[in-house]
Amino acid sequence: ALNLTRHFKIGGSLFAKPKVLRAVEDVSLSVRQGETLAIVGESGCGKSTLARMLMRLIEPTSGQMTFEGRQIDRAKGRALTELRRDMQFIFQDPFSSLNPRMTVGRLVGEPLETHAPEMSAKDRRAKVSELLAQVGLRPEHADRYPHEFSGGQRQRIGIARALASGPKLIIGDEPVSALDVSVQAQVINLLADLRDALGLTLVVIAHDLAVIRHMSDRVAVMYLGSVVEEGPTDEIFASPRHPYTRALLSAIPVAEHGRARHQIALTGEMPSPLDPPSGCRFHTRCPFAREACRADVPALRVTDTAPGHRAACHFFEEIAAEAPLPRATEG
Ligand code: SF4
Ligand code: MG
């Protein structure tokens, strides 16, 4: 475990036919081992497309995705099996991702058959009990079927199944957004505890910044297929630089983020990725937009706040000076 700088890189563009759908464009992200990266944005921002590319359900047309130096988008055969062992996914809707005719024991034990075929049936049962315990379920739950469980418990089953192969990286595509608010925190806390206990790296895709605030180290905010702001979670919350991030933050209730919520109200719908706006793609909804924003695409630039904090806005310095954020009153 000397290799502390292992990076998981996500990059590339997706141009699907028949029209040129710019679902994800030149996204370049990396996550360090043991870190949690949150990818946040409204529906249609491209975050699910990104997740599907990582799962190899769709292929990027250009760019590359690597995991510990292995190229995800090129892996075949044995290399792909190994990637699938090391990278696991947790889905938004645990019910539709779990085969209703399989017992929980089989659902959780199935990845072991693929990734540890030498394991005896007895050892596999013991391992399934251990996995269920890790996610807060009981050994006797192995004999039941998914429909006998609540949404939160089903997501725990999905997590146990994801852990079965002994992954290094877990990617959650909106893992709690289908759950009751009261259960969301429990599942998020479980993921954070498992990450710490098992040394996992997490990538969590969410549309809600509040959900990932306390569990992520870094946040990447996506809008219409591009990353518009990226940085340490604390910096993103304390000193957001992109107007879109500020709008997302102002939608979080004060009680949850300790700051007046009057910042920026988002107006209008997200434009279609089939016909994205010119220049800064956010200009049709940005209260600070001016002429240059329609013409020039802003690059991700390092901000004044912290290393690794970058924003893609031509005018974030001026905007921060003109419209400073009130100080947070609570962590
Ligand atoms: Fe708004 Fe212009 Fe900045 Fe885009 S570049 S976020 S339109 S001010
Ligand atoms: Mg989605």
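Residues numbered from 1 in each chain as written. Chains lettered and ligands numbered in written order. Predicted model: local features only at pLDDT ≥ 70, side-chain atom pairs only at ≥ 80, totals over all residues.

Trainee: Is there a simple way to think about the overall build of the protein in this case?
Mentor: Along the protein, the regular secondary structure elements total 13 helices and 14 strands. Within the protein, counting contacts between residues at least 6 apart in sequence, those at least 24 apart form 62% of the total. (Helix = DSSP H or I, 4+ residues; strand = E, 2+ residues; numbered from the N terminus. Contact = placed C-beta atoms within 7 Å.)

Trainee: Would you mind going over the site of ligand 1 with me for this structure?
Mentor: Lining the immediate environment of ligand 1, one finds 13 residues, of which C280, H283, C286, C293 and C313 sit closest. When its residues are assigned to classes, the shell around ligand 1 shows ten nonpolar, three polar and no charged. (Near = placed C-beta within 6 Å. Nonpolar A, V, L, I, M, F, W, Y, C, P; charged D, E, K, R; others polar.)

Trainee: Would you take a moment to explain the sheet that holds strand 14 (residues 310-311) for this structure?
Mentor: What links the strands of a sheet is backbone hydrogen bonding, and the strands pair in either a parallel or an antiparallel sense. With mixed pairing, the eight strands of this open sheet are ordered in space as 8-9-10-5-11-12-14-13. In this open sheet, the two edge strands, each paired with only one partner strand, are strand 8 (87-90) and strand 13 (301-302). As paired elements, strand 9 (residues 169-173) and strand 10 (residues 201-206) share five bridges and run parallel to each other. When the bridges of strand 10 are listed, L169 appears paired with T201. (Pairing = 2+ DSSP bridges.)

Trainee: Looking at this structure, how should I read the environment of E110?
Mentor: Mapped onto the fold, E110 is located in helix 4 (residues 104-115). Between the alpha carbons of E110 and V187 there is a distance of 22 Å; along the sequence they are 77 residues apart.

Trainee: Just checking my understanding: could you explain the nonpolar core for this structure?
Mentor: Generally speaking, soluble globular proteins have nonpolar side chains that are buried together. By size, the foremost hydrophobic cluster in this structure holds 75 residues, and its most contacted members are I39, V40, V108, A160, V221, M222 and V228. Each of domain 1 (7-216) and domain 2 (239-322) contributes no fewer than three residues to this core. (Core = buried A, V, L, I, M, F, W, Y, C linked by C-beta atoms within 7 Å. Buried ≥ 20, exposed ≤ 12 C-beta atoms within 10 Å, placed from the backbone. Domains from an automatic or database assignment.)

Trainee: Mind showing me how you'd approach the pairing of strand 10 here?
Mentor: The two faces of the sheet receive side chains in turn, since in a regular strand these alternate between them. For strand 10, a buried count of six out of six residues is recorded, marking the element as mostly surrounded by other parts of the structure. A two-sided burial pattern is seen for strand 10, the buried positions comprising T201, V203 and I205 on one face and L202, V204 and A206 on the other. Pairing geometry for strand 5 (residues 36-40) and strand 10, over five bridges, is parallel. For T36, the partnering residue across the bridge sits in strand 10 and is L202. This β-α-β element, strand 9 to helix 7 (residues 181-198) to strand 10, shows right-handed connectivity. (Right-handed = clockwise from strand over helix to strand, strands pointing away.)

Trainee: Honestly, the environment of A311 in this entry has me stumped. Any pointers?
Mentor: The residue A311 is located in strand 14 in this model. Overall, the presence of 29 C-beta atoms within 10 Å leaves A311 in the buried class. For the pair formed by A311 and G231, sequence separation is 80 residues and the distance between their alpha carbons is 8.6 Å.

Trainee: What exactly am I supposed to notice about the packing of helix 4 against helix 6 (residues 151-163) here?
Mentor: The angle between the axes and the distance between the axes are what describe a pair of packed helices. In the contact formed by helix 4 and helix 6, the axes pass within 7 Å of each other and the chain directions differ by 30°. When the axis of helix 4 is compared with that of helix 6, the two are roughly parallel. Contacts between helix 4 and helix 6 involve V104, L107, V108 and P111 on the former and, on the latter, I157, A160 and R161. Broken down by class, the residue content of the contact of helix 4 with helix 6 amounts to six nonpolar, no polar and one charged. (Axes fitted to C-alpha atoms, helices over the stretch in contact; angles between N-to-C directions. Parallel < 35°, antiparallel > 145°, perpendicular 65-115°, else oblique.)

Trainee: I tried to follow the pairing of strand 11 (residues 218-223) on my own but got confused; where do I start?
Mentor: Counting buried positions along strand 11 yields six of six residues, so the element is predominantly enclosed. Residues of strand 11 alternate between two faces, with R218, A220 and M222 on one and V219, V221 and Y223 on the opposite face, all of them buried. Across six bridges, strand 11 lies against strand 12 (residues 226-232) in antiparallel orientation. Its bridge partner lying in strand 12, A220 is registered against E230. If you look at the hairpin formed by strand 11 and strand 12, you'll find two residues sitting between the two strands, and L224 has a positive phi there, around 45°.

Trainee: Would you take a moment to explain the confidence of the model for the protein for this structure?
Mentor: Detailed reading of the predicted coordinates is not advisable wherever pLDDT is low. Across the protein, the average pLDDT comes to 83, with 84% of residues at 70 or higher. For residues 14-21, every residue scores under 50 in pLDDT, and the model assigns this stretch 16 contacts once sequence neighbours within four places are set aside. Segment residues 327-331: pLDDT under 50, and six contacts once partners within four positions in sequence are set aside and those in other chains are kept. Overall fold confidence (pTM) sits at 0.86, and the ipTM for the predicted complex is 0.94. (pLDDT = per-residue confidence, 0-100.)

Trainee: Would you mind going over helix 7 with me for this structure?
Mentor: An α-helical turn contains 3.6 residues, so a residue and the one three or four places further along point in the same direction. The end-to-end C-alpha distance of helix 7 is 26 Å, a good match for the 26 Å that 18 residues give at a rise of 1.5 Å each. Considered for burial, the residues of helix 7 that qualify are V187, I188 and L191. When helix 7 is viewed along its axis, its buried side chains cluster within an angular range of 100° and face the same direction. Set apart from the buried face of helix 7 by more than 90 degrees, the exposed residues are S182, N189, D196 and A197. Positive backbone phi, approximately 65°, marks G199, located one or two places after helix 7. (Expected span 1.5 Å × (residues − 1). Arc of directions from axis to C-beta.)

Trainee: Any chance you could explain the environment of L179 here in plain terms?
Mentor: Among the secondary structure elements, L179 is positioned in the loop between strand 9 and helix 7. In sequence terms L179 and P94 are 85 residues apart; their C-alpha atoms lie 9.5 Å from each other.

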